[in-house]
Amino acid sequence: QVQQNVERLFTRFVEEGKATVRLREPAVDLCLSKANVSNLKTFLSAVRLAHQGNDTGVLPLSPLVPAKNSDVEKPKTKMIITSRRDYPLTKSFPFSLEHLQTSYCKLARIDTRVLCLKKLRKLDLSHNHIKQLPATLGDLVCLQELDLHDNHLEAFSGALCSSSLQKSLQFLDLSQNQIQALPIEFCQLRGLVQLRLDDNALLRLPCRIGQLSHLRFLSAARNKLPFLPSDFRKLCLENLDLFGNPFEQPNPLVPNIQLKIPLTLLECAARATVNHRIPYGCHLLPSHLCKDLEVAKTCRCGSACLSSFIQITVTMNLHHVAHTVVLVDNMGGTEAPILCYFCSLDCYSQFLDRHLQSN
């Protein structure tokens, strides 16, 4: 419907084959570009006359000719920007983008225009100066690959781990940043297949990393890891790289004893809840207790323990969790220390007897 429906015609660049027709209902702009100047002027004249209510018989319309495939501009799905000079400051990003790379642009934060690209599957923001990630990054429901290596990140938000990225994100590169620890919620990103954490300042890996059941490629080289979490045993990887971490020498004979005897009521209740798989949630228990239960430790006997335990480090050959292992050090080793927990003195004594016999 054109009659009495044209809000305004923008014809400043008509000599360049460009014009915009702004409609009232629906409230949209029809943007015309790369048009034949003569045909464009004729079309705009017809729009004006139709808007004024003239009979279609007197409109200067040319016969309709089907457009050629070469004349139809397909929606843009990929854009690569590798310098600050080429970064668009006034133009919007095409909403049809599925792959966007903006590297070496000296960005200090993620552009809010990027967060509106709901079709994005791959976002590469590497080699910038980004210090913080907005929670709205989790609104990119189709995002499968996120590359943030070589930035100034100090943390990865727990809110992002609880967003739609839980299901969509498969590739995450956080290498060459300044991250010391990842949040407990990080292991909710259970769609991850490839994770790169090289060249950070990581002091530990997430305690529930074993929940990343789809993870196949893990790289955390050149960090500050003293040992691996006990849940690391549950991983099933194709490739693992932990080179250049200052792993401690494991010593099962020097335990960290945190036992509380007799056990507190809280410890007994927590152990029973986990061992018997009793359902719980924030509607039944205080939220901080729920978080404690979610990161409960598991004894060698299979029982759970919360804040009363014995902790040691033991040696694990990384080939138990990965098909291909990059050497841990320059000596050709493929072993690393891993945390091990015991729920009681009895369990620790049994382990110690077996360990001493085997040595």
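Residues numbered from 1 in each chain as written. Predicted model: local features only at pLDDT ≥ 70, side-chain atom pairs only at ≥ 80, totals over all residues. Heavy atoms only, no water.

The name that an unreviewed UniProt entry assigns to the chain is LLR1 protein, with the source organism given as Dicrurus megarhynchus.

Draft legend 1. Highlighting the overall build of the chain. Of regular secondary structure, the chain possesses six helices and 17 strands. A compact globule built from 359 residues should have a C-alpha radius of gyration of about 21 Å, whereas the chain, at 30 Å, is more than 25% larger. Principal-axis analysis of the C-alpha atoms gives the chain an extent of 100 × 50 × 35 Å. When each of the 359 residues of the chain is scored for burial, the buried share is 42%. (Helix = DSSP H or I, 4+ residues; strand = E, 2+ residues; numbered from the N terminus. Rg over C-alpha atoms; globule rule 2.2 N^0.38 Å. Buried < 20%, exposed > 50% of the residue type's maximum accessible area, 1.4 Å probe, protein only.)

Draft legend 2. Just a nonpolar patch on the surface, in detail. Together, Leu-253, Val-254 and Leu-356 line one region of the surface with nonpolar side chains, adding up to about 290 Å² of accessible area. You can call Val-254 exposed: its relative accessible area is 54%. (Patch = residues over 30% accessible without salt bridge, like charges linked within 9 Å, V, L, I, M, F, W, Y side chains within 5 Å. Areas by Shrake-Rupley, 256 points an atom, 1.4 Å probe, with all protein chains shown as cover. Salt bridge = Lys/Arg side-chain N within 4 Å of Asp/Glu carboxyl O.)

Draft legend 3. The domain arrangement of the chain, seen in detail. Domain parsing of the chain yields domain 1 (6-52), domain 2 (78-224) and domain 3 (256-317 + 336-358). Taken over C-alpha atoms, the centre of domain 1 sits 72 Å from the centre of domain 3. (Domains from an automatic or database assignment.)

Draft legend 4. Geometry of the side chain of Asp-173. On the secondary structure map, Asp-173 appears in strand 8 (residues 171-173). A polar side-chain atom of Asp-173 sits 2.5 Å from a polar atom in the side chain of Ser-175. (Polar contact = N/O pair within 3.5 Å; in protein donor to acceptor, adjacent residues only side chain to side chain.)

Draft legend 5. A look at the packing of aromatic side chains. For the structure shown, the criterion picks out five aromatic pairs. Here the aromatic cluster, defined as three or more aromatic residues joined through ring pairs, consists of Phe-342, Tyr-348 and Phe-351. One cation-aromatic arrangement involves Lys-297 over Tyr-341; the distance from NZ or CZ to the ring centre is 5.8 Å. (Phe/Tyr/Trp six-rings, centres within 6.5 Å; stacked < 30°, edge-to-face > 60°. Lys NZ or Arg CZ within 6 Å of the ring centre and 35° of its normal.)

Draft legend 6. Geometry of the sheet that holds strand 15 (residues 310-317). In spatial order, the strands read 12-15-17; together these three strands make up an open sheet with antiparallel pairing. At either margin of the open sheet sits one strand with a lone partner, and together these are strand 12 (256-257) and strand 17 (335-342). Sitting on the sheet, helix 6 (residues 345-358) is in contact with strand 15 and strand 17, with an inclination near 35° to strand 15. (Pairing = 2+ DSSP bridges. Contact = heavy atoms within 4.5 Å. Axes fitted to C-alpha atoms, helices over the stretch in contact; angles between N-to-C directions.)

Draft legend 7. Representation of the pairing of strand 5 (residues 99-102). Every second residue of strand 5 is oriented toward a common face, with His-99 and Gln-101 on one face and Leu-100 and Thr-102 on the other, all of them buried. Note: strand 4 (residues 78-81) against strand 5, four bridges, orientation parallel. Looking at strand 5, one finds that Ile-80 is bridged to Gln-101. Across three bridges, strand 5 lies against strand 6 (residues 122-124) in parallel orientation. Looking across to strand 6, one finds that His-99 is bridged to Lys-122.

Draft legend 8. Structural detail: the state of the cysteines. A complete count under the given rule lists zero disulfides for this structure. No disulfide involves Cys-207; its nearest neighbouring cysteine sulfur is the one of Cys-187, lying 6.9 Å away. Take Cys-207: its relative accessible area is 32%, and that puts it in the partly exposed class. (Disulfide = S-S within 2.5 Å.)

Draft legend 9. Summary view of unusual backbone geometry. The linkage connecting Glu-25 with the following residue, Pro-26, adopts the cis geometry, with an omega of 0°. Tracing the sequence through the fold places Pro-26 in the loop between strand 2 (19-23) and strand 3 (29-32). The step from Ile-261 to Pro-262 runs through a cis peptide bond, and the omega angle for that step is -5°. The topology assignment puts Pro-262 in the loop between strand 12 and helix 4 (265-275).

Draft legend 10. Main features of the environment of Lys-297. Within the secondary structure, Lys-297 sits in strand 13 (residues 297-298). Taking the C-alpha atoms as reference, Lys-297 lies 9.0 Å from Asp-231; in sequence the two are 66 residues apart. When residues no more than four places from it in sequence are discounted, the contact partners of Lys-297 are Arg-208, Ser-303, Ala-304, Cys-305, Leu-306, Phe-309 and Tyr-341. Within the structure, Lys-297 has its side chain in polar contact with the backbone oxygen of Leu-306 (distance 3.2 Å).

Draft legend 11. Expanded view of the nonpolar core. Ranked by size, the top nonpolar core spans 76 residues in total, and within it Leu-123, Phe-156, Leu-218, Leu-228, Phe-232 and Leu-318 carry the most contacts. Elements with a minimum of two residues in this core: strand 4, helix 2 (158-161), strand 11 (237-241), strand 15, strand 16 (322-326), strand 17 and helix 6. Looking at which element gives the most residues to this core, the answer is strand 17, with six residues. The residues that make up this core include at least three from each of domain 2 (78-224) and domain 3 (256-317 + 336-358). For Phe-156, the residues in contact, after removing those within four places along its chain, are Leu-133, Cys-161, Leu-172, Leu-174, Leu-182, Pro-183, Phe-186 and Leu-189. In this structure, Leu-9, Ala-19, Leu-23 and Val-47 belong to the second largest nonpolar core, which totals nine residues. (Core = buried A, V, L, I, M, F, W, Y, C linked by side-chain atoms within 4.5 Å.)

Draft legend 12. Inspection of the sheet that holds strand 11 at higher detail. Taken in spatial order, the nine strands line up as 4-5-6-7-8-9-10-11-16 in an open sheet, and their pairing is parallel. Bordering the open sheet on either side are strand 4 and strand 16, each of which pairs with just one other strand. Averaged over all pairs of adjacent strands, the angle between their axes in this sheet comes to 5°, without regard to strand direction. Strand direction decides the pairing type here: strand 8 and strand 9 (residues 194-196), joined by three bridges, are parallel. Counted as the bridge partner of Leu-172 is Leu-195 from strand 9.

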